[in-house]
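A structural walkthrough
Spelled out, the chains give:
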Amino acid sequence: MGRRWYLERRKDYYYRSAKKHKYRSRASYKLLQLDNRFHIIGEGDKVVDLGAAPGGWSQVALEKVGDSGLVIAVDIKPIKPFQVDNFHTIKGDFTDEKVQGKIGELLGGKADVIISDVSPSLSGIKDIDQLRSLELVESVVKVAGRFLKKDGNLLVKVFQGPGFSELLKKLKRSFRRVKSTKPASSRKGSPEMYIVCRGFKGLN
Ligand SMILES: C[S@@+](CC[C@H](N)C(=O)[O-])C[C@H]1O[C@@H](n2cnc3c(N)ncnc32)[C@H](O)[C@@H]1O
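Counting through the fold element by element, serine 139 comes out in helix 6 (residues 126-147). On the basis of relative accessible area, serine 139 is assigned to the buried category, the value being 18%. Sequence spacing of serine 139 and lysine 126 is 13 residues, and the spatial spacing of their C-alpha atoms is 20 Å. Filtering out sequence-adjacent residues up to four positions away, serine 139 remains in contact with Phe94 and Thr95.

Let's shift gears to the packing of aromatic side chains. The final tally for this structure, using the stated rule, is six aromatic pairs. For the ring pair tyrosine 14 and tyrosine 29, a centre distance of 5.5 Å and an interplane angle of 45° mean the geometry is tilted. Here the residue tyrosine 14 occupies a position in helix 2 (residues 13-20), and tyrosine 29 occupies one in helix 3 (residues 28-38), the gap between them amounting to 15 residues. Each member of the pair tyrosine 14 and tyrosine 29 is classed as buried. Each ring, one from tyrosine 23 and one from tyrosine 29, has its centre 5.6 Å from the other, and the planes form 80°; the classification is edge-to-face. Both residues of the pair, tyrosine 23 and tyrosine 29, belong to the buried class. Put simply, the rings of Tyr13, Tyr14, Tyr23 and Tyr29 touch in pairs and so form one group of aromatic residues. Positioned over the ring face of phenylalanine 82 is arginine 24, at 3.8 Å from the centre of the ring.

Further remarks concern the site of the ligand. Surrounding the ligand, one finds 20 residues, the nearest of these being Ser25, Gly56, Asp75, Asp93 and Asp117. Here glycine 56 contributes a backbone N or O atom positioned 2.8 Å from an oxygen atom of the ligand. Between the ligand and tryptophan 57 there is a distance of 3.0 Å, counted from an oxygen atom to a backbone nitrogen or oxygen. Compared with its free state, where it exposes 610 Å², the ligand has 88% of that area covered by protein. A per-class count over the shell around the ligand returns nine nonpolar, six polar and five charged.

What counts as what
Residues numbered from 1 in each chain as written. Predicted model: local features only at pLDDT ≥ 70, side-chain atom pairs only at ≥ 80, totals over all residues. Heavy atoms only, no water. Helix = DSSP H or I, 4+ residues; strand = E, 2+ residues; numbered from the N terminus. Buried < 20%, exposed > 50% of the residue type's maximum accessible area, 1.4 Å probe, protein only. Contact = heavy atoms within 4.5 Å. Phe/Tyr/Trp six-rings, centres within 6.5 Å; stacked < 30°, edge-to-face > 60°. Lys NZ or Arg CZ within 6 Å of the ring centre and 35° of its normal. Near = heavy atom within 4 Å. Polar contact = N/O pair within 3.5 Å; in protein donor to acceptor, adjacent residues only side chain to side chain. Areas by Shrake-Rupley, 256 points an atom, 1.4 Å probe, with all protein chains shown as cover. Nonpolar A, V, L, I, M, F, W, Y, C, P; charged D, E, K, R; others polar.

The analysis is restricted to geometry; functional conclusions fall outside its scope.
Here it is as structure tokens:
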């Protein structure tokens, strides 16, 4: 990242607010805003966060689930633990069978909610990045097919472009309510969209 990026970031409201409120990333505000509107995570829920580093979404999820819930955070990058017993991290690629096996062991059953703010490492070439984002989201949906309980919720980020409407159609077949949205804290020029899926019926 260049000097201009760092200067812009220092001016950014959500970046400064995240620092002030000790959130690990400005992305925490995206989950806070989406959850306030759509009530995705409830107290006592078991949540799996796919593509979770540095942990801003997991932090918000921990606040929402409280002491009786559980948050499992997966990323290829290391995630610093939070000093609580109900938070687990897995370092690895969530498309990998072994990593999914660990998710299953830690869950000891099904998840109430799966959240994923996953991003590919960006090439800067819009079409390639969009395609990679779509592939990752397809993998997230497969993980949901394996671990999400009936009536559970899924929140996933995707870069808009070709294949987006087919993805929405697939999700609409598999969940009772599906809504694509962009929270206020998502940067205006960014291609990212968030898909909120509630009431899992099974993959269709
Ligand atoms: C935008 S960041 C997530 C930020 C996070 N929601 C937060 O609030 O701190 C996207 C993450 O996806 C991770 N990622 C990309 N592909 C992955 C994969 N196949 N398995 C696990 N993590 C992946 C990246 O390493 C990166 O940390």
